[in-house]
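Survey of secondary and tertiary structure
Residue strings, one per chain:
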Amino acid sequence: MPNLKDLFTHNRAWAAQMERERPGFFTGLVKQQTPKYMWIGCSDSRVPANQITGLEPGEVFVHRNVANIVVHSDLNALSAIQFAVDMLKVEHIMVVGHYGCGGVLAALNGTRVGLADNWIRHIQDVRHRHRQLLDSLSDAVRADALCELNVIEQVVNVCMSTVMVDAWAKGQKVSIHGWAFGVHDGLLQDLGMTIPGPEDIDHLYRDAVERVWDKRSKT
Ligand SMILES: [Zn+2]
């Protein structure tokens, strides 16, 4: 594990290498950021947005919190989304959960972790909403299913935010996506929850929830 001094050493080496390979890279970044993508992911250290997707500085606008939750009263998340949509004009917002998420597991098992219990309550709401489906699954797959259901619900929360309602009403082209990342294999899965506009939320939500059930009902 590198120590703090190593982080600065790595940083100097990285900056020098970037400048060597692509002269003017940083001065170009200073002028503007024009990312097409916004990533809403978990704070988990194993899920770094840029590395997973091969995107460079300037290419993805990132908001992360415990268990990739978007709450209607969370001014932090809403401000990030508003800046991304209104100012940066991103074209895609992806909500990205990950299998083995500590927040999802705590919500599923009712584990007390401290102050964060109140944040994790939002995932317990998701668990409660889908309890019939979750109760019918085996222990082995229930956590993965809740991880996906949490992503699907948070995609809807992004869609229902005033930011997205207003952007779509103005005709702005922004799609919201739901993905899940496998810490065990490094692969992203598309949960088929891609919302191009408000009229598609309901049926795509139903289909996506059904798929969570379909792919696990026989295990
Ligand atoms: Zn997590």
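Before any of the text, the structure's been laid out above.
Predicted, not measured: the structure shown is a model, and the values here were computed from it.

**Describing the coordination of the zinc ion**
Distances from the zinc ion to its protein donors, namely Cys-42 (SG), His-98 (NE2) and Cys-101 (SG), fall within the range 2.1 to 2.3 Å. The sequence pattern formed by the donor residues of the zinc ion is C-x55-H-x2-C. In this pair, Cys-42 sits in strand S1 (residues 37–42) while Cys-101 sits in the loop between strand S3 (92–98) and helix H5 (102–109), placing the two residues 59 residues apart along the sequence. For Cys-101, a relative accessible area of 3% translates into the label buried.

**A closer look at the side chain of Asn-150**
Counting through the fold element by element, Asn-150 comes out in helix H8 (residues 139–160). A polar contact is formed between the side chain of Asn-150 and the side chain of Gln-154, at a distance of 2.9 Å. With near-sequence residues (within four places) excluded, Asn-150 lies in contact with Ala-67, Asn-68, Ile-69, Val-104, Ile-123 and Val-126.

**A short note on the packing of H8 against helix H10 (residues 201–214)**
Helix packing geometry: the angle between the two helix axes and the distance between the axes. Running from amino to carboxyl end, H8 crosses H10 at an angle of 175°, the nearest separation of the two axes being 10 Å. With respect to H10, the element H8 is oriented roughly antiparallel. Only Ile-201, Tyr-205, Ala-208, Val-209 and Val-212 of H10 make contact with H8, whose side of the interface consists of Ala-145, Glu-148, Leu-149, Ile-152, Glu-153, Val-156, Cys-159 and Met-160. Of the residues contributing to the contact of H8 with H10, the split by class is 11 nonpolar, no polar and two charged.

**Notes on the pattern of salt bridges**
If the charged atoms of two oppositely charged side chains come close together, the side chains can form a pair. Under the criterion given, the structure shown has eight salt bridges. Across the pair Asp-125 and Arg-121 runs a salt bridge, and its minimum N-O distance is 3.3 Å. Here Arg-121 and Asp-125 lie together in helix H6 (residues 117–129), a separation of four residues that amounts to about one turn. Under the relative-accessibility criterion, Asp-125 is labelled partly exposed at 34%. Taking the relative accessible area as the measure of exposure, Arg-121 reaches 43% and is therefore partly exposed. For the salt bridge of Arg-129 with Glu-153, the shortest nitrogen-to-oxygen distance reads 2.8 Å. Highlighted residues: Arg-129 in helix H6 and Glu-153 in helix H8, separated in sequence by 24 residues. Connected through salt bridges with shared partners, the residues Glu-148, Lys-215 and Arg-216 form a single ionic network.

Each value, and the rule that gives it
Residues numbered from 1 in each chain as written. Predicted model: local features only at pLDDT ≥ 70, side-chain atom pairs only at ≥ 80, totals over all residues. Heavy atoms only, no water. Donors = N, O, S within 2.8 Å, 3.2 Å for Na, K, Ca; no water. Helix = DSSP H or I, 4+ residues; strand = E, 2+ residues; numbered from the N terminus. Buried < 20%, exposed > 50% of the residue type's maximum accessible area, 1.4 Å probe, protein only. Polar contact = N/O pair within 3.5 Å; in protein donor to acceptor, adjacent residues only side chain to side chain. Contact = heavy atoms within 4.5 Å. Axes fitted to C-alpha atoms, helices over the stretch in contact; angles between N-to-C directions. Parallel < 35°, antiparallel > 145°, perpendicular 65-115°, else oblique. Nonpolar A, V, L, I, M, F, W, Y, C, P; charged D, E, K, R; others polar. Salt bridge = Lys/Arg side-chain N within 4 Å of Asp/Glu carboxyl O.

These values are about where atoms sit, not about what they do.
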